[in-house]
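Tertiary structure, described
Take a look at the letters that make up each chain.
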Amino acid sequence: MHPVYFDNNATTPLHPRVREAMLPWMGERYGNPSSLHGFGQAARNAVEEAREKVAALLGVRPPELVFTASGTEANNAVLFHRARGGQGHLVISAFEHPSIREAAARLEREGVEVTRVSPAGDGVVPAAEVVRALRPDTLLVALMLANNELGTLQPVVEVAAACRERGVPVLCDAVQAVGKIPVDAPALGVDYLVLGAHKFYGPLGAAALWVHKGVELTGHLVGGSQERRRRAGTENVPAIVGLGEAAAVAREELTARGAHLVALRDRFEAELARRLPDAIFHCQAAPRLPNTSHVAFPGAEGESLLIRLDLAGFAVSTGSACSSGAVEPSKTLLAIGLSPEEALSSLRISFGLFNTQEEVDAFLDALEREVGALRRVSPVAVVQP
Ligand SMILES: Cc1ncc(COP(=O)(O)O)c(C=O)c1O
């Protein structure tokens, strides 16, 4: 069997329609969208068409969208815009993506106070805790729509409603949600929303930041007047065209896509529970994305399992990070109350549009075999907290 990719929360393959749409812009079609001649105007039209497609997916007005090069850039832009100057207070969830966590940590070093609200054991951040953390000097609340490791959905609507009453702006990182579940940005009630093309069958190098009408965003990159002066730099036309097409395809396919992913995931989880009854499924009862399973295999070390599965032809992920030679457990898994040992024996399996039931069945065989082999050969690494 060909190598099978079950790491679709890390990045996704290009949808064939996206590739088709992009190819001319990497060949015979080119131009700087700011140029006044025909080449430039064709590129401008392509960028604006893409903006309309992304706007249609989110239910927003095209001029409210700012194209960026990555989700990281968009998240950074909002945090550094709202909390410059070393004063004030930020509220973030403790398991935001590093593009928010690390940006907040830098601002904290500059004097901004940061409250990190922990998720509960079910992988959901309690809305009441976020609201309780608000202060008169709170500059921004950042709460993701779907967690990248666990796939759990967060109470963004509730939090945004409470923040609106107090005049506190909200950033919603929807990078993992867009293209997997319906996302109606205005209905969430947030001020800023971020998505990234490469998480839903679009290319690397294009993302978008929705800024609610009337909400401020000072350009974080300074230079030309692109993106209504909110993001200087010549637009990445092929990637933006790809993002637009990915949004159009997602809009058409969202319902079928969700059903396909849920079918793959539910079969995987049911069959795995039957074959390895001691496998522990994290956050299974919470509202969650249709494509993500996170499972601990007690007695099997996650990194070793990942490598064995890779050699067997299956790509999955652990949330652990390697720092100074030691494997550290995922902060997200620790935040939901797992022990370091449990966290280090966990795998994230994120299914995608192009995965099949046959691939899931072959994976289950490999998983059963490799977990068994690992439990025979290696004791679990025990990390002191
Ligand atoms: C929830 C979330 N936010 C932001 C990002 C960053 O996006 P990018 O890879 O486009 O910088 C990711 C990517 O892993 C993510 O999962």
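Details of the structure are given in the entry above.
Our subject in this report is the structure included herewith.

Procedures and definitions
- Residues numbered from 1 in each chain as written.
- Predicted model: local features only at pLDDT ≥ 70, side-chain atom pairs only at ≥ 80, totals over all residues.
- Heavy atoms only, no water.
- Core = buried A, V, L, I, M, F, W, Y, C linked by side-chain atoms within 4.5 Å.
- Buried < 20%, exposed > 50% of the residue type's maximum accessible area, 1.4 Å probe, protein only.
- Domains from an automatic or database assignment.
- Contact = heavy atoms within 4.5 Å.
- Helix = DSSP H or I, 4+ residues; strand = E, 2+ residues; numbered from the N terminus.
- Pairing = 2+ DSSP bridges.
- Axes fitted to C-alpha atoms, helices over the stretch in contact; angles between N-to-C directions.
- Near = heavy atom within 4 Å.
- Polar contact = N/O pair within 3.5 Å; in protein donor to acceptor, adjacent residues only side chain to side chain.
- Areas by Shrake-Rupley, 256 points an atom, 1.4 Å probe, with all protein chains shown as cover.
- Nonpolar A, V, L, I, M, F, W, Y, C, P; charged D, E, K, R; others polar.
- Parallel < 35°, antiparallel > 145°, perpendicular 65-115°, else oblique.
- Left-handed = near helix turned anticlockwise from the far one by under 90°.

**What about the nonpolar core?**
Counting residues in hydrophobic clusters, the biggest one holds 68 residues, and the most contacted among them are L58, L193 and F200. No fewer than three residues from each of domain 1 (4-11 + 253-377) and domain 2 (16-249) sit in this core. Sequence-distant contacts of F200, defined by excluding residues within four places in its chain, comprise T12, L57, V178, G179, L195, L243, A246, A247, A250 and R257.

**Re the side chain of S346**
With respect to the secondary-structure elements, S346 resides in strand β14 (residues 346-350). S346 has contacts with H282, H294, V295, A296, G302, T318, L333 and L338, leaving out every residue within four places of it along the chain.

**Some thoughts on the sheet that holds strand β3 (residues 89-93)**
Across a sheet, strands are paired by hydrogen bonds formed along the backbone, either parallel or antiparallel in direction. Within the open sheet, the 7 strands sit side by side as β2-β8-β7-β6-β5-β3-β4. Their pairing is mixed. Edge positions in the sheet fall to β2 (65-68) and β4 (113-117), since each of these pairs with one other strand and no more. Averaged over neighbouring strand pairs, the angle between their axes works out to 20° when direction is ignored. Both β3 and β4 contribute to a ladder of 5 bridges, which runs parallel. Its bridge partner being in β4, S93 is matched across the sheet by V117. Contacts between helix α3 (residues 71-82) and the sheet are confined to β2, β3, β5 (138-142), β6 (170-173), β7 (192-196) and β8 (207-211), with β7 contributing the most and set at about 160° to the helix.

**Re the sheet that holds strand β10 (residues 292-296)**
Taken in spatial order, the 3 strands make up an open sheet running β9-β10-β14, and their pairing is antiparallel. Looking at which strands have only one partner, the edges of the open sheet turn out to be β9 (280-281) and β14. Pairing geometry for β9 and β10, over 2 bridges, is antiparallel. Considered in β10, the bridge of I280 is made with A296. Across the sheet, helix α9 (residues 237-275) is in contact with β9, β10 and β14; its angle to β10 comes to roughly 20°.

**Observations concerning the site of the ligand**
Among the 13 residues in the neighbourhood of the ligand, the closest are listed as G71, T72, D173, Q176 and K199. Between T72 and the ligand, the recorded distance is 2.6 Å, taken from a side-chain N or O atom to an oxygen atom. Between the ligand and D173, the relevant distance is 2.6 Å, taken from a nitrogen atom to a side-chain nitrogen or oxygen of the residue. Within the complex, the protein chains bury 87% of what would otherwise be the 390 Å² of accessible surface of the ligand. If one sorts the elements of the shell around the ligand by residue count, α3 sits on top with 3 residues. Of the residues contributing to the shell around the ligand, the split by class is 2 nonpolar, 9 polar and 2 charged.

**Structural notes on the packing of α3 against helix α4 (residues 98-109)**
Between two packed helices, the angle of one axis relative to the other and the distance separating the axes together describe the packing. Put simply, α3 and α4 touch, their axes get as near as 9 Å, and they point 30° apart. The pairing of α3 with α4 is recorded here as roughly parallel in orientation. Helix-helix and strand crossings are classified by hand; for α3 and α4 the assignment is right-handed. Contact with α3, carried on its side by T72, N75, N76, L79 and F80, involves S99, I100, A103, A104, R106 and L107 of α4 and no other residues of that element.

**Points about the packing of α9 against helix α13 (residues 357-377)**
Relative orientation of the contacting elements α9 and α13 amounts to 25°, with a least axis distance of 10 Å. Considering the angle they form, α9 stands roughly parallel to α13. Crossing hand, α9 versus α13: right-handed. Where α9 approaches α13, its residues A263, L264, R267, F268, E271, L272 and R275 are matched on the opposing element by Q357, V360, D361, F363, L364, D365, L367 and E368. Its residues placed into classes, the contact of α9 with α13 shows 8 nonpolar, 1 polar and 6 charged.

**Focus on the environment of A177**
Topologically, A177 is positioned in the loop between β6 and α7 (185-188). Exposure remark for A177: the relative accessible area of 0% places this residue in the buried category. Distance from A177 to G151, taken between C-alpha atoms, is 8.6 Å for residues 26 residues apart in sequence. Every residue in contact with A177, bar those within four places of it in the chain, is listed here: L145, A146, V183 and L289.

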